[in-house]
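Summary of structural features
Given next are the chains, with one letter for each unit.
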Amino acid sequence: MKASAGLDLFKTPLVLKIAGFTLITLTFFYLGKHWSSNGDQQVLFFSSSPGTSVGVSPNYGKSFNVTALIAQNQTDTVSEPEPTQPASDSAAVEQPPPPPAKELDRTFGIIDGDGKMSDDFEVGEVDPEVVENWGNETEIDSGAGEGSRAKVKRFELCPESMREYIPCLDNVEAIKKLKSTEKGERFERHCPEKEKELNCLVPPPKGYRQPLPWPRSRDEVWFSNVPHTRLVDDKGGQNWITKAKDKFRFPGGGTQFIHGADQYLDQISKMVPDIAFGNYTRVVLDVGCGVASFGAYLLSRDVVPLSIAPKDVHENQIQFALERGVPAMVAAFATHRLLYPSQAFEIIHCSRCRINWTRDDGILLLEVNRMMRAGGYFAWAAQPVYKHEQALEEQWEEMLNLTTRLCWELVKKEGYIAIWQKPKNNNCYLSRDEGVSPPLCDQDDDPDKVWYADLKPCITRIPENGYGANVTAWPARLHTPPDRLQSIQMDAYISRKELFKAESKYWSEIISGYVRAWHWKQLKLRNVLDMKAGFGGFAAALIDHGFNSWVMNVVPVSGPNTLPVIYDRGLLGVMHDWCEPFDTYPRTYDLLHASGLFSVERKRCNMSTIMLEMDRILRPGGRAYIRDTLDVMEELQEIANAMGWHSALHDTSEGPHASYRILVCDKRLLRS
């Protein structure tokens, strides 16, 4: 009976409940202990919404670079289309997006004094009053620490009267204060003071249209893009330019070659066969160029010309040249050196260029001598060459006397053209009689120092080692490291020739990527500006890839002067300080390329100053490619958007972890 009673006790509902509860408790205890042993590797997410459960992070067991994830989230995910090596397996793992941040009072981790992560700070919002009072320039709140800044306000359009504004050449106030203008001082650079710098967007003329493509643009351009008829009235009878309905047309003539530039070039070639256009002669300077028909027809002979003229009574001649797609700049022979290096041009040409070469004992012709390559030629087509009036004959005799003292040889005089050749060494200079002027320049004179450098009344010495004179014929010279590469003052930890070749290869690969992924061959790129050119590798790559364009290679004053190398390669270039405006008309270029420029120049001037100048010289419909460090990109993109550009930030081929990005901008046509 007692045994039976014990069995009945275990069958009672109460005991069964107690046993079941005990079993469940032991089960949960075991499971809890098992999971807690690995709990330090988990992240649990909770939701305040009713009815939701606790979940384990899907990123359990993975590690991430938080800095890279933040940078990745702030940039476009499209990578730069450059040829790269296949990524490793570890690099190919797709990174999950970071969790969304709170809208207000965002908190980020920092490293405290003990080296531990701390979140004991908050990032607030921008004071709206700072933005309201900020104006049209980027500013830095000095009280908020380095790197703090407010957002850029949208820039306004400039008045219609500024549609052809060149800041350093249209500074009327500064020109009025000049003590003298008899030597052409008013045509030189007189940049506005800082408080009067450009702070608006230069508008296009009414009816502006996308420029006609090259080579059609050589012969005709839209009237609405350069709506000026003075040259038609003044020079129409000389076959310079005519107007036909909605276009200007260029018959190809000039004051001294009314039958056409092609015939004129043939005559020069017959006079001096050694000139050999497209072989020995690659780079030519055309002084007082008119509408640049001389340069336009040289292009078809594999010669790259640079047409220059001042902004004078024929002030739109350079604007016509650029609209045609011919390399050109506003420049004047006055009191300062031109912004080109010594021994830059194989030929310097002057056809009725209205320059008194013999004034001040030939100081202007001495500047020609500085820029002309040893063994190069000076071609002069002017009335003193062929007319026999007494005054003109006296001018011819003065010219002969001066060129003899410069040791130039008159190799040919035919019709209305005279051609001299510069010596290839200093022997003639050293054998002149004592006291003959002009003298040789001092040994320590730097002939490549051109930025705001005064003209010198002396003959530039030719390097004794032959540097500059012994260039390879075109096209081999494009990729042949020139002798003057060794004379560039720069820090180089490896062979300069290796640097030269590496830069060329680097840009060739990048342009190949642009052609494949961004279809650059479909873009109508004619006038191109490389704002920080180095050795000219970007321009050389465009030539190698068959682009029908020309490039103005700018060497900033803040870096090493590589201009001699650029010209020895058979390319064009100019010295410039990007903290000041550039000497060209608005709407000059189809493409602006800036690699590593802003991270250097921001230490010297405001980045918005440079960007506004870029907007001034970029054509509507044109593009800007800015390749620079990540820390400048956010501000540059804000400025671009404030100028009405459409911008997109891309990774380089090195991926989202690289410190560089590419900002691709399209300029839109803005109307008031």
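Note: the structure precedes this text.
All residue numbers refer to positions counted from 1 along the written sequence of the respective chain. Only residues with pLDDT of at least 70 are given local features in this predicted model, and only at 80 or more are side-chain atom pairs given and counted; all residues enter the totals for whole chains, interfaces and linings. Side-chain numbers come from the whole structure's heavy atoms, not from hydrogens or water.

What follows concerns the overall build of the protein. Helix numbering and strand numbering both begin at the N terminus, where a helix is a DSSP run of H or I of at least 4 residues and a strand a DSSP run of E of at least 2. The helix and strand inventory of the protein stands at 20 helices and 21 strands. Residue burial is assigned from relative accessible area. The probe radius is 1.4 Å, only protein chains are included, and a residue is buried under 20% of its type maximum, exposed over 50%, and partly exposed in between. Looking at the protein residue by residue over its 672 residues, the buried ones come to 48%. Taking all contacts inside the protein whose residues are at least 6 apart in sequence as the whole, residues at least 24 apart take part in 67%. The accessible surface values rely on the Shrake-Rupley method and a 1.4 Å probe; as for residues, cover is taken only from the protein chains in view. When the accessible surface of the protein is summed, it comes to about 33900 Å², and 52% of that surface belongs to carbon and sulfur atoms. The contact definition used throughout considers only heavy atoms, calling two residues in contact when any of these lie within 4.5 Å.

Note on disulfides: each one is a pair of cysteine sulfur atoms within 2.5 Å. Overall, the coordinates contain 6 disulfides when judged by the stated rule. What pairs with Cys350 in a disulfide is Cys353, and their sulfur atoms sit 1.9 Å apart. The sign of the S-S torsion, about -80°, decides the handedness of the disulfide formed by Cys350 and Cys353: left-handed. No difference in accessibility class separates Cys350 from Cys353, as the two residues are buried. Residue Cys407 pairs covalently with Cys428 via a disulfide, S to S 2.1 Å.

All right, on to the packing of aromatic side chains then. Here the aromatic set is Phe, Tyr and Trp, taking the six-membered ring for Trp, and pairing holds for ring centres within 6.5 Å; pairs whose planes are under 30 degrees apart are stacked, those over 60 apart are edge-to-face, and all others are tilted. Tallied over the full model, the rule gives 28 aromatic pairs. Between the aromatic rings of Tyr264 and Phe294, the centroid separation amounts to 5.9 Å while the plane-to-plane angle is 70°, which identifies the pairing as edge-to-face. With Tyr264 in helix α8 (residues 261-271) and Phe294 in helix α9 (residues 293-298), this pair connects stretches of sequence that are 30 residues apart. Owing to a relative accessible area of 3%, Phe294 belongs among the buried residues under this scheme. Both rings, one in Phe345 and one in Tyr567, keep their centres 5.3 Å apart while their planes meet at 70°; by these two values the pair is edge-to-face. Separated by 222 residues along the polypeptide, Phe345 in strand β11 (residues 345-351) and Tyr567 in helix α17 (residues 563-568) bring together distant segments of the chain. The class of Tyr567 is buried, set by a relative accessible area of 0%. One aromatic cluster in this structure is built from Tyr506, Trp507, Tyr514, Trp518, Trp520, Phe538, Phe547 and Tyr625.

Turning our attention to the sheet that holds strand β15 (residues 527-530). Here, a strand pair is defined by DSSP locating no fewer than two bridges between the strands. Taking strand neighbours across the sheet as the criterion, the 7 strands line up as β17-β16-β15-β18-β19-β21-β20 in an open arrangement whose pairing is mixed. Both outer strands of the open sheet, β17 (572-576) and β20 (646-651), are each paired with one neighbouring strand and no more. Here the average twist between neighbouring strands, direction ignored, is 20°. Strand direction decides the pairing type here: strand β19 (residues 618-629) and strand β21 (residues 660-666), joined by 7 bridges, are antiparallel. Helix axes are fitted only over the stretch in contact, all axes being lines through C-alpha atoms; the angle between N-to-C directions runs from 0 to 180 degrees.

This part takes up the packing of helix α19 (residues 607-617) against helix α20 (residues 630-642). Interhelical geometry of α19 versus α20 gives an angle of 45° and a closest axis separation of 10 Å. The angle between the axes of α19 and α20 places the two elements in the oblique class. Of the two elements, α19 crosses α20, and the hand of that crossing is right-handed. On α20, the residues touching Met607, Ser608 and Met611 of α19 are Val632, Glu635, Leu636, Ile639 and Ala640. Residues that form the contact of α19 with α20 fall into these classes: 6 nonpolar, 1 polar and 1 charged. Should an angle lie under 35 degrees it is considered roughly parallel, over 145 roughly antiparallel, and from 65 to 115 roughly perpendicular; all remaining angles are considered oblique. Should the near helix be turned counterclockwise from the far one by less than a right angle, the crossing is left-handed, whereas a clockwise turn marks it as right-handed. For this classification, Asp, Glu, Lys and Arg are treated as charged, while Ala, Val, Leu, Ile, Met, Phe, Trp, Tyr, Cys and Pro are nonpolar and the rest, including Gly, are polar.

Turning to the sheet that holds strand β6 (residues 242-244), a few remarks are in order. Taken together, 3 strands build an open sheet; the order of strands is β5-β7-β6 and the sheet is antiparallel. The open sheet has two free edges, formed respectively by β5 (220-222) and β6, since each of these has just one partner strand. Adjacent strand axes in the sheet meet at a mean angle of 30° when their direction is disregarded. Sheet topology note: the β6/strand β7 (residues 247-249) ladder contains 3 bridges and is antiparallel. Residue Thr242 lies in a different strand from β7, and its bridge partner there is Arg249.

Across the interface, helix α15 (residues 496-517) lies against helix α16 (residues 537-544) with an axial gap of 8 Å and an inter-helix angle of 55°. The angle between the axes of α15 and α16 places the two elements in the oblique class. Relative to α16, α15 is oriented so that their crossing is right-handed. Residue-level inspection shows Glu503, Trp507, Ser508 and Ile511 of α15 in contact with α16, the latter providing Gly537, Phe538, Ala541 and Leu542. Classifying every residue of the contact of α15 with α16 gives 5 nonpolar, 2 polar and 1 charged.

Taking burial as the measure, the 6 residues of strand β9 (residues 304-309) include 6 buried ones, the bulk of the element. Both faces of β9 are covered, namely the face carrying Val304, Leu306 and Ile308 and the face carrying Pro305, Ser307 and Ala309. Note on handedness: a crossover is taken as right-handed if, strands pointing away from the viewer, the path from the first strand over the helix to the second is clockwise. Remark: the strand β8 (residues 283-287)/α9/β9 crossover connection has right-handed handedness. For β9 and strand β10 (residues 328-330), the ladder comprises 3 bridges, and the chain directions are parallel. Each residue of the ladder has a partner; that of Ile308, found in β10, is Met329.

Another point: the environment of Asn369. Inspection of the secondary structure assignment puts Asn369 in helix α11 (residues 359-371). Of the residues examined, Asn369 reaches a relative accessible area of 0% and is grouped as buried.

Let us now look at the nonpolar core. Working definition of a nonpolar core: buried Ala, Val, Leu, Ile, Met, Phe, Trp, Tyr and Cys residues. They are joined through side-chain atoms within 4.5 Å. Within the largest apolar cluster, 146 residues are counted, with the highest numbers of intra-cluster contacts made by Tyr340, Trp357, Phe378, Trp520 and Phe598. Considering every element that reaches this core, the biggest residue donor is strand β12 (residues 372-381), with 7 residues. Leaving out residues up to four positions away in the same chain, Trp520 has contacts with Ile511, Tyr514, Val515, Leu525, Phe538, Leu542, Phe547, Leu591 and Tyr625.

Attention now goes to the pattern of salt bridges. Throughout this description, the term salt bridge denotes a Lys or Arg side-chain nitrogen within 4 Å of a carboxyl oxygen of Asp or Glu. Summed over all chains, the structure comprises 30 salt bridges. When the shortest N-O distance is used, the salt bridge between Asp170 and Lys311 registers 2.7 Å. Highlighted residues: Asp170 in the loop between α4 (128-132) and α5 (172-176) and Lys311 in the loop between β9 and α10 (317-324), separated in sequence by 141 residues. For Arg218, the salt bridge is made with Asp219, and the minimal N-O distance between the two is 3.1 Å. Judged by its relative accessible area of 29%, Asp219 falls in the partly exposed class. Via salt bridges that share partners, Glu346, Arg373, Arg477, Arg484 and Asp568 belong to a single interconnected network.

It is worth spelling out a negative patch on the surface at this point. A cluster of acidic residues, Glu389, Glu393, Glu394, Glu397 and Glu398, forms a negative patch on the protein surface. The residue Glu389 is located in the loop between α12 (383-386) and α13 (390-405) in this model. Only residues whose relative accessible area exceeds 30% and that take part in no salt bridge are eligible for patches, with like-charged residues grouped when within 9 Å of each other and nonpolar side chains (Val, Leu, Ile, Met, Phe, Trp, Tyr) grouped when within 5 Å. Asp and Glu count as negative and Lys and Arg as positive, but His and the ends of the chain are not part of the count. One atom stands in for each charge, and that atom is NZ of Lys, CZ of Arg, CG of Asp or CD of Glu.

Moving on, we get to the side chain of Ser504. Secondary-structure assignment places Ser504 in helix α15. Looking at Ser504, its side chain comes within polar contact range of the side chain of Arg569, at 3.1 Å. With near-sequence residues (within four places) excluded, Ser504 lies in contact with His479 and Arg569. Polar contacts, as counted here, are pairs of nitrogen or oxygen atoms within 3.5 Å of one another; within protein the pair requires one atom able to donate a hydrogen and one able to accept it, and residues that are adjacent in sequence qualify only if both atoms are side-chain atoms.

What follows covers α11. Working note: α-helix, 3.6 residues per turn, so residues spaced by three or four point in the same direction. Expected helix span is given by 1.5 Å per residue-to-residue step, counting one fewer step than there are residues. With 13 residues, α11 ought to run about 18 Å at 1.5 Å a step, and its terminal C-alpha atoms sit 18 Å apart, in line with that. In this scheme, the bend at a residue equals the angle between the axes fitted to the seven residues that finish there and the seven that begin there. At Leu365, α11 shows its maximal kink, close to 25°. With 11 of 13 residues buried, α11 lies mostly within the body of the structure. Listing the buried residues of α11 in full gives Arg359, Gly362, Ile363, Leu364, Leu365, Leu366, Glu367, Val368, Asn369, Arg370 and Met371. On its buried side, α11 packs onto β8, β11, β12, α13 and α14 (427-430).

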